[in-house]
Amino acid sequence: MDLSEKFKHRVLESARLAGEWYTNNQNTEEHPWGGMHDSADLGRFMYEYFRATGWCRAMGVWGQAVGLMGLMTLSNKTGWSKYRKAAIAAGEYLKSLQIVNPSDERNHGGLREHTPQTPWSYPRDAATGGMGFAALFKETGSEEYLERAKWFAEWYHRFGSDKDGWPYSFFDFQKGKGGYTGGEVIGEESDAERERVKGDWQAGGGLVYWQLYKLTGEKKWLGYFEQLIDPLVGLYEKNANAPILLKGFHGEVEISYGNDDFAIIALVCAYRQWKQDRVRKALQHHMRRLWSIAADDGSYPSFAGTFVCNLNNCEYLQLCREAGLDEDLPALEARIVKSTEFGLSLQETLSENPRMYGGFYGQSQFGVSRDRIHHRDAGYSLILHLRLAENGVAGPANPYYSAWGWEK
């Protein structure tokens, strides 16, 4: 994209401030939460902060991974080592969530949802944790991270997914059992009685397989990834002309409009790998439907939908240029810029409260609410804006939530 120098400086500064929000709110020995040293939360980030009450909570498995991906990229871009140090510390907490017990076959490699004591997992959330280990291996070269990513991915395929390779909604480590109905699997967890619908968002977890395939060349991981693509394309074909449902988040609807948890990027990976016309048609048709739901100001529905859709837009633009797909690219570039302008308006830059400054307001449809600072928007904006600072192109320096940049 031919972006102005000022625009690129704006998004880079936004990314820096988001990085400051992460580091200012990470539990470390230098800045312990509540003044309590020697905490088991060492390296953990904050998940959300409510501005009116000050109520907040700490990060779970997927957020630790998103945060460290963004901070590693920010360190690479700025040369500032403090962001890399924070990412490594975040990875140490992520390690504490992984079950490492080869004698316990059904649980070995799995990642707990919230804390080292949490007895259950949302496997799709855990998949992002696996991506975090892949990112740490890519950035550091440490074989331990690669081994942990492999442990997780094998667990995800064998036990965190059904016999067809489709991820479960829930997994109970005490029972060694996964399923789609929370009440059956994890009992007393809030809203657990609701059965989760198999939806497109689940396929985004396959990015951990894609990354391992590209990092290692081992065909096994590509085979696991391929098992998710045909059902994903089938979901898009089935709903190609169905009414667009803007209500419902992950697990409540088949097709997620707004935040699809990067199912689209899984399709981009698949098309680059196999060049199947069926995949291309499903991808192009769905992208055009997504553009129809954007508001006039460039915002999208669903939690962090504006940032997820814009990452998808950047990824699709790069694919169109590489593969010569028939698309109005100037119009797509204009959409990306408009959505970026709206996304920038969600960042808090006036508050002197370090739990707010540099963070992003989130957890609302079309970004209409300002009740809480939320990691979901901060993390995805950080990755998106660093990509836009490089004219929107993904590669070795900006590989996160992308089909590019993962070759050995």
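Here the structure is a predicted model, which is why all the values come from computation and not from measurement. (Residues numbered from 1 in each chain as written. Predicted model: local features only at pLDDT ≥ 70, side-chain atom pairs only at ≥ 80, totals over all residues. Heavy atoms only, no water.)

Draft legend 1. Examining the sheet that holds strand β3 (residues 120-121) more closely. Ordered in space as β3-β4-β5, the three strands form an open sheet in which the pairing is antiparallel. Each edge of the sheet is formed by a strand with only one pairing partner; in this case those strands are β3 and β5 (177-179). Bridging between β3 and strand β4 (residues 170-172) involves two bridges; their strand directions are antiparallel. By the bridge assignment for β4, tryptophan 120 is matched with aspartate 172. (Pairing = 2+ DSSP bridges. Helix = DSSP H or I, 4+ residues; strand = E, 2+ residues; numbered from the N terminus.)

Draft legend 2. The pairing of strand β1 (residues 46-50), seen in detail. The element β1 is largely enclosed, with a buried count of five among its five residues. As judged from the three bridges shared by β1 and strand β2 (residues 56-58), these two strands associate in the antiparallel manner. Pairing of glutamate 48 across the sheet is with arginine 57, part of β2. Once β1 ends, the chain turns through five residues before running back antiparallel as β2, passing glycine 54 with a positive phi of about 80°. Bridge count between β1 and strand β6 (residues 372-374): three bridges; the pairing is antiparallel. (Buried < 20%, exposed > 50% of the residue type's maximum accessible area, 1.4 Å probe, protein only.)

Draft legend 3. Just the layout of surface pockets, in detail. Taken as a whole, the second largest pocket encloses approximately 320 Å³ of empty space. Those elements that provide at least two residues to the lining of the second largest pocket are α1 (5-24) and α3 (81-96). The leading source of residues in the lining of the second largest pocket is α3, at four residues. For the lining of the second largest pocket, the per-class residue count stands at three nonpolar, seven polar and four charged. (1 Å grid on protein atoms, 1.4 Å probe; cavity = no way out; pocket = protein on both sides within 12 Å on 5 of 7 lines; lining within 4 Å. Points joined across faces, edges and corners; volume = space filled by probe spheres on them. Nonpolar A, V, L, I, M, F, W, Y, C, P; charged D, E, K, R; others polar.)

Draft legend 4. A look at the environment of isoleucine 99. Take isoleucine 99: it is sitting in the loop between α3 and β3. The buried category is assigned to isoleucine 99, whose relative accessible area is 11%. Residues isoleucine 99 and asparagine 27, 72 residues apart in the sequence, show an inter-C-alpha distance of 22 Å. Setting aside residues up to four positions removed in sequence, isoleucine 99 forms contacts with Asn107, His108, Gly109, Gly110, Arg112 and Phe173. (Contact = heavy atoms within 4.5 Å.)

Draft legend 5. Region of the structure containing the sheet that holds β1. Strands sit in the order β2-β1-β6 across an open sheet of three strands; the sheet is antiparallel. Each edge of the sheet is formed by a strand with only one pairing partner; in this case those strands are β2 and β6. Neighbour to neighbour, the strand axes of the sheet diverge by 10° on average, direction disregarded. (Axes fitted to C-alpha atoms, helices over the stretch in contact; angles between N-to-C directions.)

Draft legend 6. Summary view of the packing of helix α9 (residues 263-274) against helix α11 (residues 305-323). Where α9 contacts α11, the axes come no closer than 10 Å and their chain directions differ by 15°. With respect to α11, the element α9 is oriented roughly parallel. Crossing of α9 against α11: the hand is left-handed. Residues Ile264, Ile265, Val268, Tyr271 and Arg272 of α9 form the contact with α11, whose own contacting residues are Asn312, Glu315, Leu319, Glu322 and Ala323. Each residue belonging to the contact of α9 with α11 can be placed in one class, and the counts come to six nonpolar, one polar and three charged. (Parallel < 35°, antiparallel > 145°, perpendicular 65-115°, else oblique. Left-handed = near helix turned anticlockwise from the far one by under 90°.)

Draft legend 7. Molecular detail of helix α8 (residues 219-238). Look at α8: 30 Å from first C-alpha to last across 20 residues, which is about the 28 Å you get at 1.5 Å a residue. Taken together, the buried positions of α8 are Trp221, Leu222, Tyr224, Phe225, Leu228, Ile229, Leu232, Val233, Leu235 and Tyr236. Contacts made by the buried residues of α8 are with α5 (143-158), α7 (207-216), α9 and α10 (277-291). (Expected span 1.5 Å × (residues − 1).)

Draft legend 8. Expanded view of the packing of helix α2 (residues 61-78) against α3. In contact at an axis separation of 8 Å, α2 and α3 are set at 160° when each is read in the N-to-C sense. The angle between the axes of α2 and α3 places the two elements in the roughly antiparallel class. The handedness of the crossing between α2 and α3 is left-handed. Here α2 contributes Val61, Gln64, Leu68, Leu71, Met72, Leu74, Ser75 and Thr78 to the contact with α3, which in turn contributes Ser81, Tyr83, Arg84, Ala86, Ala87, Ile88, Ala90, Gly91, Tyr93 and Leu94. Classifying every residue of the contact of α2 with α3 gives twelve nonpolar, five polar and one charged.

Geometric values such as these leave the question of function open.
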